[in-house]
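A structural walkthrough
These are the residues of each chain, in order.
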There are 4 protein chains.
Amino acid sequence: MSQRVRIGMIGGGQGAFIGGVHRIALRMDDAFELVAGCFGRDPKNTIATGEELGLDPARCYPTWEALIEGESRLPADQRIEAISIVTPNHVHHAPAKAAMEAGFHVICDKPLCISQEQADDLASTVEKSGMVFALTHNYSASPMVREARERIARGELGTIRKVYVEYLQGWLSDKLEESGQKQADWRTDPTRSGPVGALGDIGTHAHQLLEFVTGERVTSIYAILDTFVEGRALDDDDMILLKMANGATGTLCSSQVCFGKENGLKLRIFGTEGAIEWEQEHPNDLKVTGTDQSMTTIRTATAAAGEESASLTRTPAGHPEGYLEAFANIYRAFARAVRGQDQPLADPFPTIEDGVRGIQFIGAALLSSEENRWVDIPD
Amino acid sequence: MSQRVRIGMIGGGQGAFIGGVHRIALRMDDAFELVAGCFGRDPKNTIATGEELGLDPARCYPTWEALIEGESRLPADQRIEAISIVTPNHVHHAPAKAAMEAGFHVICDKPLCISQEQADDLASTVEKSGMVFALTHNYSASPMVREARERIARGELGTIRKVYVEYLQGWLSDKLEESGQKQADWRTDPTRSGPVGALGDIGTHAHQLLEFVTGERVTSIYAILDTFVEGRALDDDDMILLKMANGATGTLCSSQVCFGKENGLKLRIFGTEGAIEWEQEHPNDLKVTGTDQSMTTIRTATAAAGEESASLTRTPAGHPEGYLEAFANIYRAFARAVRGQDQPLADPFPTIEDGVRGIQFIGAALLSSEENRWVDIPD
Amino acid sequence: MSQRVRIGMIGGGQGAFIGGVHRIALRMDDAFELVAGCFGRDPKNTIATGEELGLDPARCYPTWEALIEGESRLPADQRIEAISIVTPNHVHHAPAKAAMEAGFHVICDKPLCISQEQADDLASTVEKSGMVFALTHNYSASPMVREARERIARGELGTIRKVYVEYLQGWLSDKLEESGQKQADWRTDPTRSGPVGALGDIGTHAHQLLEFVTGERVTSIYAILDTFVEGRALDDDDMILLKMANGATGTLCSSQVCFGKENGLKLRIFGTEGAIEWEQEHPNDLKVTGTDQSMTTIRTATAAAGEESASLTRTPAGHPEGYLEAFANIYRAFARAVRGQDQPLADPFPTIEDGVRGIQFIGAALLSSEENRWVDIPD
Amino acid sequence: MSQRVRIGMIGGGQGAFIGGVHRIALRMDDAFELVAGCFGRDPKNTIATGEELGLDPARCYPTWEALIEGESRLPADQRIEAISIVTPNHVHHAPAKAAMEAGFHVICDKPLCISQEQADDLASTVEKSGMVFALTHNYSASPMVREARERIARGELGTIRKVYVEYLQGWLSDKLEESGQKQADWRTDPTRSGPVGALGDIGTHAHQLLEFVTGERVTSIYAILDTFVEGRALDDDDMILLKMANGATGTLCSSQVCFGKENGLKLRIFGTEGAIEWEQEHPNDLKVTGTDQSMTTIRTATAAAGEESASLTRTPAGHPEGYLEAFANIYRAFARAVRGQDQPLADPFPTIEDGVRGIQFIGAALLSSEENRWVDIPD
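None of these values were measured; they are calculated from a predicted model.

Here we look at the overall build of chain A
Within chain A one finds twelve helices and 14 strands. Against the 2.2 N^0.38 benchmark of 21 Å for 379 residues, chain A shows a C-alpha radius of gyration of 20 Å, consistent with a compact globule. Taking the principal axes of its C-alpha atoms as reference, chain A extends roughly 65 × 50 × 40 Å. The proportion of buried residues among the 379 residues of chain A is 63%.

Topic: the domain arrangement of chain A
All names here are of chain A. You can read the domains of chain A as domain 1 (5–131) and domain 2 (140–316 + 349–371). The partner domain 2 presents 18 residues to the 16 residues of domain 1 that form the contact. Residues of the side of domain 1 that touches domain 2, tallied by class, amount to eleven nonpolar, four polar and one charged.

Points about the nonpolar core
Among the nonpolar cores identified, the biggest contains 500 residues, and Val106(A), Val106(B), Val106(C) and Val106(D) are the most heavily contacted of them. Excluding residues that lie within four positions of it along the chain, Val106(C) makes contacts with Ala82(C), Ile83(C), Ile85(C), Ala96(C), Ala99(C), Met100(C), Met131(C) and Phe133(C).

Here's the deal with the interface of chain D and chain B
Of the residues lining the interface, ten residues belong to chain D; the matching set on chain B comes to ten residues. When grouped by side-chain class, the residues that make up the side of chain D that touches chain B number four nonpolar, five polar and one charged. When strand 13 (residues 295–299) of chain B meets strand 13 (residues 295–299) of chain D, the two strands line up antiparallel, connected through three bridges. The residue of strand 13 of chain D that forms the bridge with Thr297(B) is Met295(D).

A few points about the relation of the copies chain D and chain B
Least-squares fitting of chain D to chain B yields an RMSD of 0.0 Å, with the superposition described by an axial translation of 0.0 Å and a rotation of 180 degrees. Read as a symmetry element, the transformation amounts to a two-fold axis. Scanning chain D for the C-alpha nearest the rotation axis identifies Thr296(D), at a separation of 2.0 Å. Interface residue correspondence from chain D to chain B reaches 100%, placing this contact among same-surface, isologous pairings.

Observations regarding helix 9 (residues 198–214) of chain B
All names here are of chain B. Between its terminal C-alpha atoms helix 9 stretches 23 Å, which fits the 24 Å expected from 17 residues at 1.5 Å a residue. Largest kink in helix 9: about 35 degrees, centred on Thr204. With 16 of 17 residues buried, helix 9 is to be regarded as a mostly interior element. Within two residues after helix 9, Gly215 carries a phi angle of roughly 70 degrees, on the positive side.

Structural notes on the packing of helix 5 (residues 116–129) of chain C against helix 12 (residues 352–371) of chain C
All names here are of chain C. One way to put it is that helix 5 packs onto helix 12 with a least axis distance of 9 Å and a crossing angle of 165 degrees. What the angle tells us is that helix 5 and helix 12 run roughly antiparallel. Between helix 5 and helix 12 lies a crossing of left-handed hand. Here helix 5 contributes Gln116, Ala119, Leu122, Ala123 and Val126 to the contact with helix 12, which in turn contributes Ile352, Gly355, Val356, Ile359, Gln360 and Gly363. Here the contact of helix 5 with helix 12 is built from residues that sort into seven nonpolar, four polar and no charged.

A few points about the pairing of strand 1 (residues 5–10) of chain D
Residues and elements named next belong to chain D. Judged by how many residues are buried, strand 1 sits mostly within the fold: five of six residues are covered. Looking at chain direction, strand 1 and strand 2 (residues 32–38) are connected through six bridges and run parallel. What sits directly across from Ile7, in strand 2, is Leu34. Read from strand 1 through helix 1 (residues 18–28) to strand 2, the crossover connection turns out right-handed. Bridge count between strand 1 and strand 3 (residues 82–85): four bridges; the pairing is parallel. Bridging from a neighbouring strand, Gly8 pairs with Ile83 of strand 3.

Topic: the sheet that holds strand 2 (residues 32–38) of chain B
Residue and element names in this part refer to chain B. Pairing within the open sheet is parallel, and its five strands lie in the order 2-1-3-4-5. Sheet topology places strand 2 and strand 5 (133–135) at the edges, where each strand pairs with a single neighbour. Direction aside, the axes of adjacent strands within the sheet are offset by 20 degrees on average. Alignment of strand 3 (residues 82–85) against strand 4 (residues 105–108), held across four bridges, turns out to be parallel. Bridging across to strand 4, Ser84 finds its partner in Ile107.

With respect to the sheet that holds strand 5 (residues 133–135) of chain C
Residues and elements named next belong to chain C. If you trace the five strands from one edge of the open sheet to the other, you get 2-1-3-4-5, paired in parallel fashion. Across the chains shown, the open sheet's two edge strands, defined by having one partner strand only, are strand 2 (32–38) and strand 5. In this sheet, neighbouring strand axes are inclined to one another by 20 degrees on average, regardless of whether the strands run parallel or antiparallel.

Describing the relation of the copies chain D and chain A
When chain D is brought onto chain A, the operation consists of a screw motion whose angular component is 180 degrees and whose axial shift is 0.0 Å, with 0.0 Å RMSD remaining. With an isologous cut-off of 70% or more, the 100% of interface residues of chain D that recur at the interface of chain A puts this contact in the isologous class.

Brief notes about the interface of chain D and chain A
Tallying the contact residues gives 30 residues for chain D and 30 residues for chain A. Counting residues per element, the side of chain D that touches chain A draws most heavily on helix 1 of chain D, at five residues. When the residues that make up the side of chain D that touches chain A are grouped by side-chain class, the tally is eleven nonpolar, ten polar and nine charged.

Section: the environment of Ala36(C)
Residue and element names in this part refer to chain C. By the element assignment, Ala36 lies in strand 2. Look at Ala36 and you get buried, because 26 C-beta atoms sit within 10 Å. With 231 residues separating them in the primary sequence, Ala36 and Leu267 have C-alpha atoms 38 Å apart. Non-local contacts of Ala36, meaning those with residues more than four positions away in its chain, are made with Gly8, Leu55, Arg59, Leu67, Glu71 and Ile80.

Quick look at helix 12 of chain C
Here helix 12 of chain C is 20 residues long and its end C-alpha atoms lie 28 Å apart, about the 28 Å a rise of 1.5 Å per residue gives. Once helix 12 of chain C ends, the next one or two residues include Asn372(C), with phi positive near 50 degrees.

Topic: the pairing of strand 13 of chain B
All names here are of chain B. Across the five residues that make up strand 13, a large majority, five, are buried. Both faces of strand 13 are covered, namely the face carrying Met295, Thr297 and Arg299 and the face carrying Thr296 and Ile298. As paired elements, strand 12 (residues 285–289) and strand 13 share five bridges and run antiparallel to each other. Note on strand 13: the bridge partner recorded for Asp285 is Arg299. Two successive antiparallel strands, strand 12 and strand 13, enclose a turn made up of five residues, where Gln293 displays a positive phi of approximately 75 degrees.

What counts and what doesn't
- Residues numbered from 1 in each chain as written.
- Chains lettered and ligands numbered in written order.
- Predicted model: local features only at pLDDT ≥ 70, side-chain atom pairs only at ≥ 80, totals over all residues.
- Helix = DSSP H or I, 4+ residues; strand = E, 2+ residues; numbered from the N terminus.
- Rg over C-alpha atoms; globule rule 2.2 N^0.38 Å.
- Buried ≥ 20, exposed ≤ 12 C-beta atoms within 10 Å, placed from the backbone.
- Domains from an automatic or database assignment.
- Contact = placed C-beta atoms within 7 Å.
- Nonpolar A, V, L, I, M, F, W, Y, C, P; charged D, E, K, R; others polar.
- Core = buried A, V, L, I, M, F, W, Y, C linked by C-beta atoms within 7 Å.
- Pairing = 2+ DSSP bridges.
- Least-squares fit on C-alpha atoms with pLDDT ≥ 70 in both.
- Expected span 1.5 Å × (residues − 1).
- Bend = angle between axes of the 7 residues up to and from the residue.
- Axes fitted to C-alpha atoms, helices over the stretch in contact; angles between N-to-C directions.
- Parallel < 35°, antiparallel > 145°, perpendicular 65-115°, else oblique.
- Left-handed = near helix turned anticlockwise from the far one by under 90°.
- Right-handed = clockwise from strand over helix to strand, strands pointing away.

In C-alpha cells:
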C-alpha cells in the first residue's frame, strides 16, 4: 500500500479496552497513520492518550465535534481521511453521521447504534454521502470463518437444516459494574449501552456471523431476554429460537453469566450433506464433517484451506493468528476501500447493512421477549 | 455376588441392537444368568436367538405372556427372578405390568411407555407389587456423571443458573426407515414408538440426565417439535427452552438430523461459583470450572475423582470404560436391589419415578409444541 | 458361538487387578465358561475367589500343577479346554508349557516370560503341541488400532519414515511398592517381574503395537533404561532410539514416573504421504493426516471406518467402547481359534511370535543400556 | 512509550517470510519507527521493499555495510538507534558485529550464527560494545510459556525429572528446495544455513525453550542427525537424548519431514509433584497437572494465570493472541531495553547467552552424531 490512510479516532482513551485493539489492528499492516483523536469525554485523557501515541497535541480534540470540524479545516493532504469510532454504543450514531457528512470514511465498532431510527438514519447517510462505512464485526474476518462461508456457498453442506450458535461469557456473573470496572459499567447502563446488554454486546456478533457464514437470513425469532444478576438494568442472558429464510431452524444463546466462560463464540451448522463447527477461542481450527461422516480439521494457511481464507493470513500454517489479526483484516480491507483498490474478497468487511440487520435483530428480540411470541425480521 | 440372578428377556432377538447391549451389560459383572426369553414376535427368531445364547429351548417362549406364565409355573429355585424388557416402546407397559404382578422384578428400556396413563399405571403397579423396577437411563450410571452430580450436590457450583443440554445425532438425516433398517423403522412409526420420535428416544435421556445431575426439576418448557425429513411421521428434531425449580433456565435440544453427529449427548451446567461439562462420547473426562475460572479435567478413577464415581469403575485410571460399562452399572445395581443387598450409592439406578417424569416431559413438550406456549411440568 | 469354551484360570485371585479384567473380557461375548482355577499361591484365596465366582470347589486347585493334573483327569466333555494365565511374569513359562503339553490351549498375559530361554522354549512348545497360544497385547485389538493398520497396509501413508511411540504412566512416581500395593510390589521385584520393570510392563506393549500397526520390524535400538525412584531395583523409565527394517527411525519411551500420566500409550506414525496418530486413552479417535495435510478424525463404527475395525465393535458409532472391549476382542478371537472357526480378520490376536519378539526387544534393550551401544534385533 | 525507537532492517525483502513477521512485530505496540533498510542482496528489491514500506529512498541501502555506514553519518537525532537482522544464518555474524561496533543496538533472528567462533566473537562484541542484543526466540515470549516458567520456578512441579520436547514440521517432506521456494532453498543450503538444517532452524528453538522454561541446563546429549530426503545436504530430522544439570533426562526431536505437521513445537515437563504441557499451535492453553493428578488448563489472561503472563497480553481472556503477538513481546521488551526503561519481567528477551548456548548445542549434536557418543555441553 503505497501511502498510509490518515485516520482519526473517537473514543479509546486510557482505560478503555477496544480502542487499544483498534489501534493495534490499524497498525498491523501499516495501512494507516493515526494522526488525530478525541479519545473520550475528558480532554485531559485525550491529551495524555495522544501524547502516549505520539500525536500532535493540536490534533487531540476536546470533543468529537471539534475533531470533525478541526480536521475539516486542514488542507486536504494533511487532514484525516477516515475516522474510527470506538465509543460506547450511544455515541456511535451522531459522530458517524457527522463524519460522513463532513466527507470522512468511517469504521465503527458494533452494535451500530441504539435504535432503529438511528440505524435507518445512518444507512441513509451512508447512501447519500457515498463514504465507505465499515462495522467491526471482527470475527467475520477470521480466516476459518471465511473458509466456512466459502464451503457453504459452494454447497458442500447441502441444504442447511440446523444451526446452533452461542456466545457465552462469564465475566458479568457478579455485579462487576459496582466495582467501577469501565467495561462492565457502560455495558450495563441503558443510557450508554442502549435497550439491551448482552444481546447488543455479543448476541449481535453471533447473529451477524450466522448470517454471514450461511448466506441465509434469520427471519423469525422467539427470544427470552433475562437478567440473572440482581439489580442489573439490562439483560445478561439471552435464549433465542430462530428460523431462517430457507427453512433451517436453530438456537442462538448469548450470555454473560456463564461462569468461567471467556469469550465463547461458537457456531455449528448442519446441512443435508455435511456440517461445520468453529470456535472463536481456537480460531484456526475449522471442523468439517464430510459426506462419509468423518470430521476433518481444516487449519488456517494449510493446503486444505481455500483461497479466501488464505488471503486473510500473514503467516504460514501452524503460526497461530488470532483475535487481533482478524480485527486487522477488517482494517486492511477498509483501507483498500478508502483507497478504491481492488479487494481480494467479495464482502470484504461488514457494512451498514450488517449494522442495520443487527439493530433489527435487537428490536425483534426485545419485542418477542416482551410479548412472549415469535417476531419476524424483514429479510 | 454369591449367586447369579436368574433373568429372562423380552425382545432383543437377532437383528435388534439394544438387546445385545443389555446382554453384555448383564454378563459384565457375572451377576445374572440369562435362562429364559421371548426375543421377539417371531418364535423362530426367539428359538434361533435362544440357541445362540445357549438357552434351554423349553424356556424360549413364543410370546411374552407365555414367558411370564411358563416361568411362573417353574419351581421357585429354577424360575427366573427378574425380567429384562428391551422391546420397542409400545411393548413396555403390558409385559412390565404383567411381570411385576407375577412377582418378577423388572428392568426396562426407556422411555418408560407411550402414554401418561400407562406411566401412572406402571407406577401404581410398582407400588402395589413391591417389585424392583429399574429403567435403563444408562448414561446416569457413567462414573463422571456421578462425579458431576456429587460435586453439584455438595455445592461446588453454587446456585445453578444456566443449563445447556443437547443430544444430537445424525443417523436419521435421510429417510433410513425406508431402507428397512430395523432401528429406524420402529422409531419413526407412531404405532410402535408412541407419539414422539427423537424426543422419546434421546430427548428423555437428556432430560433425565439434567435432573439427575443437578438435583433440580425442570418445571416449565417451551418446545418446538419438528420433522425435517419429508414424509416422516414423528419429530426428528426438538428445541426446548426450559426453566427449573430453582430459577435456572436453559435449552435442551435433541435431534436426529444433525448430519454426522454420532451420539452427541452433552451437558453443560453453570452455577454462580463454578461450571461443569460432560460429553457422552468422551465419558471419562469431566470438565470442571473452579472458582479461579480455570478448567480442570477430572478423569475417571483418578485421585481427583470422588468416591461415588470410583464405585462405578472396574479398571484403574487411563483404562477407558464406556457405554457398555455404564449400562452394566445399572444392571449390577439392579442385581443388588433384587438380592436386597446394600448399595454403595444412593439412587443407584433410575426408577419408575424417572420413567414417569420422562413421560410427563414428553406430554408437556407435545402440548407446548401444539399450542405454541409454555407448559408446566409438575414438580 | 454354539458352545462356550470351558476355561480355567491361573492367577487373578482377590486383590489382583488383571485377573478381573481377563474375567470380564471372557464373559463379554459369552464365548467362555470359567469352570476351574488356581487363583494364586494361597489356597484360601483361591477357594474364596472360586466361591465368589460360583465355581465348583473341587475345581479350585491349590497349585497350578494340580489344576493341570486335576483337569486332565476329568472326562473330555467336562474338563477345561483352555487356560488363562494371569500371574506375575515369572509364573508364565512353566504353567504355559505344562498346559500346552497337557493338551490345553493357552491365553497368557504379557510379557511372555522373563528370559530368552523361556521364550524359545515356549515357542517350541507351541509348535510341538499344536495348541492355540494367545498373548494379551490387548491394545492391538482396539478397533482404531486395526483401522490404522489397515490403512498403513494399503499404502495410505506411503513409506513410513518416522515413528514416535510412547507409553507414559505416573503411578510409580513415588515408591508405591513400599506401601504394599500389590501391583507395584511384584512389578518392581526382579524375582517376579524379571530383569526389567517398566520396559516389560508397558514398553513391550508399545513395541508390539508399533510393529503390529506398521507391519515393519524394529531392527536396531539404542536404549537407556533408568531408575528415578531411589532404591527401586528395576527400571522405571526407558528412552529408546530405534530403526526399523524399511529405514524408518523413531523413539520409543516408556516411563512410570511421569507424574500424573494415567495410561498414556500413544502412537504417531509419519509416512511420505500421510500420517496417523492414536492415543489409548481416547481409543475411538484415530487421527489421520491425508495428502492435502488436513487431519481427519476417524471414529469407531462410523461409515468412514473400514471393515477390519467394524468387526471389532459391538455398538454403533458414538457409543464408546474401551479397554475392556478391546481385551474381550482378544478373548473372542481366541475362542474362535480354539473352536477352529473362521476368523473375520487376519492376525486375530497376538501369538507366541509377538511374545518372542517382546523378549528379544527386552534383551536388546538391556544389552544396549549396559554397553551403551546400538544393538540389533533379529528381523 | 513516549518516543518510537528508530530502527533499520537488514534482510526481509519482498519474497522473504520472517522479515514481514519482524515488521508486524515491531509495529504492533507502536514502539518503533522503521526508517532505514537493506532488505537483501538485490538493491532493486531493497528499493521496491522500501517504497512499499514508505521509507525514504535515501535510506534504502544497497548493502548492509552501506546501511551501517550511511546511518552512522546522520545526525544523532535522525539516525537509527537499532538494527533488526533477519537474513539467512550466514549473514548474522558480520552485520551484527559491525552494527554493535558502530553503536547500534541489535535484534537478530535465530540461530545466532553458524559457528562457535562467530558466537564467541559476537558475545565478546556485545560485552565490549555495551549494546543491547536480543535474539528472537519468539516462543519464549508467549504468555503461557512464561506462566509455565513462573510455576516451575516457584517449585510447583517439585524436582524436574522428565522432559519431552519436540518441534515437528512436515513442510520439507518433499524436496521443496528444488521448486525454488525461497525458505526451503536457503535452509537446506550449507553455505547459507550453516552446518545444520532442521536442528538450527527449529531444534534450537526447542532447546532454548526447554532451558528457559525449566531454568535447568542441558548438559549432555546423544544425537542422531539424519536426512530423509535424498540429495538434501543438511539434516531434516533429529533425535536427541539428553540429560540436564539436575539429573532430569529426556528427548528432543526436531524434524521437518513429519508429513502434515505444521509447526509442532511442544513441551512436556514432569516433576516429582506436577507436570506441564504446552503446544505452540494452541498457545493460550497451558496444561498443568496438580498434586491430585488432575489436569487443569490455564488460559492466557484469566484469573488463574499469574502476573508474568499477564504482562505479556494485550487483550482479555478468550481473545486469542498468537505467534505475532509473542514476537511483538520480544520487540516491545527490546525497545524498553534500548530506552533504558524498567522491564516488568526478569529475562525479558533472549540474549546473546541464549544464542551462544544454541550454537554450543548445535556443535555438541554434530559431534555426537558423527562420533556416535554422548557429548557434554558446558553448563
